[in-house]
Each structure stands twice: as C-alpha cells, then as structure tokens.
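Understanding the architecture of this molecule
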Amino acid sequence: LSPEHKSALALSSHVKQELTALHLRRIALFNELHSADSPKQREIAHQEFQLQTNQLALSLLTVSQRAVVNQIQLQQIGLQSLLRPEIRATLALSDDQIQRIQGLSHQRMQLSLGANAIERSQLFIMVERRIYPTLNDNQRLSWLRLIGADEVPVALVQDEDPKETPTNEAPKETPPAD
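What you see is a predicted model; the values in this text were computed from it and never measured.

About the criteria used
Residue numbering note: each chain is counted from 1, following its sequence as written. Note on the predicted model: pLDDT of at least 70 is required for a residue's local features to be given, and 80 or more for side-chain atom pairs to be given and counted; whole-chain, interface and lining totals, by contrast, use all residues. Working from all heavy atoms in the structure, the side-chain values ignore hydrogens and water. Only Phe, Tyr and Trp rings take part, Trp by its six-membered ring, and two of them pair if their centres are within 6.5 Å. Stacked means planes under 30 degrees apart, edge-to-face means over 60, and tilted covers everything else. Note on criteria: charge over ring means Lys NZ or Arg CZ within 6 Å of the ring centre, with the direction from the centre no more than 35 degrees off the ring normal. Helix and strand assignments follow DSSP, with helices taken as H or I runs no shorter than four residues and strands as E runs no shorter than two, numbered in order from the N terminus. Definition of nonpolar core: a set of buried residues of the types Ala, Val, Leu, Ile, Met, Phe, Trp, Tyr and Cys, connected through side-chain atoms within 4.5 Å. Three exposure classes are used, based on accessible area relative to the maximum for each residue type with a 1.4 Å probe and protein chains only: buried under 20%, partly exposed in between, and exposed over 50%. The contact rule is simple, with two residues in contact once any of their heavy atoms fall within 4.5 Å. Definition used for salt bridges: Asp or Glu carboxyl oxygen within 4 Å of a side-chain nitrogen of Lys or Arg.

**As for the packing of aromatic side chains**
Taken as a whole and assessed by the stated rule, the structure comprises one aromatic pair. Cation over ring: Arg26 sits above Phe49, and NZ or CZ is 3.9 Å from the ring centre.

This is the structure we're talking about:
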C-alpha cells in the first residue's frame with residue numbers, strides 16, 4: 001500500500017507490529033516449505049501463499065479498516081471488478097450487463113497483449129469509460145459508494161453484528177391509556 005493508503009487505514013502501532021511479525025513469519029514459512037522447489041513451482045505456490053497471507057492480514061484489521069482496504073482494491077481494479085461475484089450481487093447486475101462487461105474486459109486484455117505501460121493505462125481508461133454506461137443510476141451510485149467516492153466506507157462482508165446507532169431524536173411519548 002502507498003503511504004496515502006496506509007494513513008487512510010489509521011493502523012495502531014500494535015497492529016503495525018502484528019502485520020510486520022505476520023509478514024516475517026510467512027516469509028520464513030514459505031522459504032522453509034518451498035526451498036527445494038523449482039522457480040516455476042515457487043512462483044505458483046507463492047501466488048496461493050500470498051492470498052492466504054493477505055487473508056490473515058485482513059483478519060487483524062477492524063471491519064471499517066477492511067472496508068477501506070476493499071475500497072482501495074476496487075479503485076485499483078476499476079470497473080472490471082464488477083465481474084467479482086460479491087460485486088455482481090451487491091449491484092444486482094443483469095446477465096446482459098455481465099456479458100457486456102465481460103466482453104469489454106476480454107477486449108481490453110486482448111488489446112493489452114504486447115502494449116507498453118502507457119498504452120495499457122490508456123486502454124484501461126477507454127474500457128472504464130465504456131463499462132460505466134452499462135450501469136443504471138442506482139448501480140452507479142452503489143459503485144461510487146463501494147469505491148469510497150462519496151466518502152462513506154462500505155464493507156462488503158460484516159464479521160460482527162452492527163451496533164445500534166444512537167439517534168438524536170427524543171423518544172416518542174405514548175399517550176396514556178384511558
């Protein structure tokens with residue numbers, strides 16, 4: 001994560017220490033388990049190991065911090081993340097919308113083959129501009145909330161019961177019974 005993203009998470013020094021310790025333990029474990037593997041085997045194993053490590057790291061965060069991590073990830077992936085099952089469900093995308101997004105994403109991948117970094121960036125923007133109109137107004141609003149564009153963090157999955165939010169309203173008086 002960039003320094004800007006790290007500050008958005010507002011990690012306590014204890015959590016930072018826990019994350020560092022987790023990272024060091026996981027590196028040592030990976031090296032111990034895969035030291036005899038070929039470079040190709042290590043690369044394949046590393047991808048799965050990294051996913052597991054990320055899940056363990058997320059478990060050290062609060063729900064609101066995980067919501068911020070979700071926002072950062074969605075911002076980085078862009079509208080192509082609409083193809084993720086949890087995003088599809090959250091936005092209630094139709095089959096037609098999913099097919100259109102898949103087609104545009106596939107087109108971008110095909111055009112990206114052999115492209116340099118600037119061309120890939122331009123293709124990303126071009127496809128984002130073509131995907132966005134496939135959403136209806138409610139889906140666009142939900143998407144903006146998911147990426148934090150409206151400054152309201154949204155957790156895709158809650159791991160604890162939400163607390164009742166206090167209101168500023170006075171309790172309503174009930175008329176006395178006759």
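**Examining the environment of Thr62**
Mapped onto the elements, Thr62 comes out in the loop between helix H3 (39-59) and helix H4 (63-77). A sequence separation of 51 residues divides Thr62 from Leu11, and the C-alpha atoms of the two residues are 9.6 Å apart.

**Observations concerning the nonpolar core**
Soluble globular proteins: nonpolar side chains tend toward being buried together. Among the nonpolar cores identified, the biggest contains 16 residues, and Leu82, Ile87, Leu91, Leu93, Ile131 and Trp143 are the most heavily contacted of them. Listing elements by their share of this core, those giving two or more residues are helix H5 (85-91), helix H6 (95-112), helix H7 (117-131) and helix H8 (137-146). Broken down by element, this core gets its largest block of residues, three residues, from H6. With residues near it in sequence (within four places) discarded, Leu91 still touches Leu82, Gln139, Ser142, Trp143 and Leu146.

**Structural notes on unusual backbone geometry**
Not every positive phi belongs to a glycine, and Ala10 is a case in point at roughly 50°. Of note, Ala10 is situated in the loop between helix H1 (3-9) and helix H2 (13-34). Positive phi is not limited to glycine here, since Ala92 has a value of about 50°. Mapped onto the elements, Ala92 comes out in the loop between H5 and H6.

**Regarding the pattern of salt bridges**
Side chains bearing opposite charge may pair, as long as their charged atoms lie close to each other. For the coordinates displayed, the defined rule picks out two salt bridges. One salt bridge in this structure joins Arg84 and Glu86, with 2.6 Å as the shortest N-O distance. Under the relative-accessibility criterion, Glu86 is labelled partly exposed at 31%. In this structure, the salt-bridge partner of Arg140 is Asp137, at a minimum N-O distance of 3.1 Å. Of this pair, Arg140 and Asp137 both sit in helix H8, three residues apart, which is roughly one turn of the helix. Residue classification places Arg140 among the partly exposed positions, given a relative accessible area of 22%.

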